[in-house]
Amino acid sequence: MTQIARTPKQIGDVLRRQRRRLGISQTQLGEKTGLRQATVSTLEAGQPGTALRTLCDVMAALDLELVVRPRSKAAPDRIEDIF
C-alpha cells in the first residue's frame, strides 16, 4: 500500500484506513500507544497540534513508515482523487 498524503487531513485519512484494515478500534490503538481514544480521533481528523512523537508512535503501531521524497508532478486536484 503506497499512498500520497500532503495535508494533515490526508495523513489522518491514511491512518484511519490502515487502522480499519487491521480491524482495531481507536480505543485499541490508543491502548497500544498509550494515547487516549480522543487523541487518536483528533489525529485521524487531521486536527492541528499533533506532536511528531505521537504521529510516529501511531504509525509504528499501525506498521506504517514515513517516506520523505520530492513531490510528484501530479496536480493537487488529482492527488485529492486518490482519497
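Definitions and cut-offs
Residues numbered from 1 in each chain as written. Predicted model: local features only at pLDDT ≥ 70, side-chain atom pairs only at ≥ 80, totals over all residues. Heavy atoms only, no water. Axes fitted to C-alpha atoms, helices over the stretch in contact; angles between N-to-C directions. Helix = DSSP H or I, 4+ residues; strand = E, 2+ residues; numbered from the N terminus. Parallel < 35°, antiparallel > 145°, perpendicular 65-115°, else oblique. Contact = heavy atoms within 4.5 Å. Nonpolar A, V, L, I, M, F, W, Y, C, P; charged D, E, K, R; others polar. 1 Å grid on protein atoms, 1.4 Å probe; cavity = no way out; pocket = protein on both sides within 12 Å on 5 of 7 lines; lining within 4 Å. Points joined across faces, edges and corners; volume = space filled by probe spheres on them. Salt bridge = Lys/Arg side-chain N within 4 Å of Asp/Glu carboxyl O. Core = buried A, V, L, I, M, F, W, Y, C linked by side-chain atoms within 4.5 Å. Buried < 20%, exposed > 50% of the residue type's maximum accessible area, 1.4 Å probe, protein only. Arc of directions from axis to C-beta.

Draft legend 1. Just the packing of helix α2 (residues 26–33) against helix α3 (residues 37–44), in detail. The interhelical angle for the contact between α2 and α3, taken along N-to-C directions, is 110°, at an axis separation of 8 Å. Classified by the interaxial angle, the pair formed by α2 and α3 is roughly perpendicular. Packed against α2, whose contacting residues are Gln 26, Thr 27, Leu 29 and Gly 30, the element α3 presents Gln 37, Val 40, Ser 41 and Glu 44 at the interface. For the contact of α2 with α3, the residue count by class is 2 nonpolar, 5 polar and 1 charged.

Draft legend 2. Just the layout of surface pockets, in detail. If you add up the space inside the largest pocket, you get close to 740 Å³. Looking at the largest pocket, it is lined by 21 residues, and the ones nearest its centre are Gln 3, Ile 4, Ala 5, Leu 66 and Val 67. Those elements giving two or more residues to the lining of the largest pocket turn out to be α1 (8–22) and α4 (52–61). Among the elements that take part in the lining of the largest pocket, α1 stands out by supplying 3 residues, more than any other.

Draft legend 3. Up close: the pattern of salt bridges. Tallied over the full model, the rule gives 5 salt bridges. Residues Asp 13 and Arg 16 are paired through a salt bridge, measuring 3.0 Å at the closest nitrogen-oxygen approach. Here Asp 13 pairs with Arg 16, and both are found in helix α1, just 3 residues apart, close to one helical turn.

Draft legend 4. View of the nonpolar core. Counting 11 residues, the largest nonpolar core consists of Leu 15, Ile 24, Leu 29, Val 40, Leu 43, Leu 55, Val 58, Met 59, Ala 61, Leu 62 and Leu 64. Contributions of two or more residues to this core are made by α3 and α4.

Draft legend 5. Layout of α4. Residues of α4 that are buried: Thr 54, Leu 55, Val 58, Met 59 and Ala 61. Seen from one end, α4 has its buried residues packed into an arc of 160°, which puts them on one side. Of the exposed residues in α4, the ones pointing more than 90 degrees away from its buried face are Leu 52, Arg 53 and Ala 60. Buried residues along α4 sit in contact with α1, α2 and α3. Where α4 terminates, the next one or two residues include Asp 63, which has phi positive at roughly 60°.

As far as function goes, none of this settles anything; it's purely spatial.
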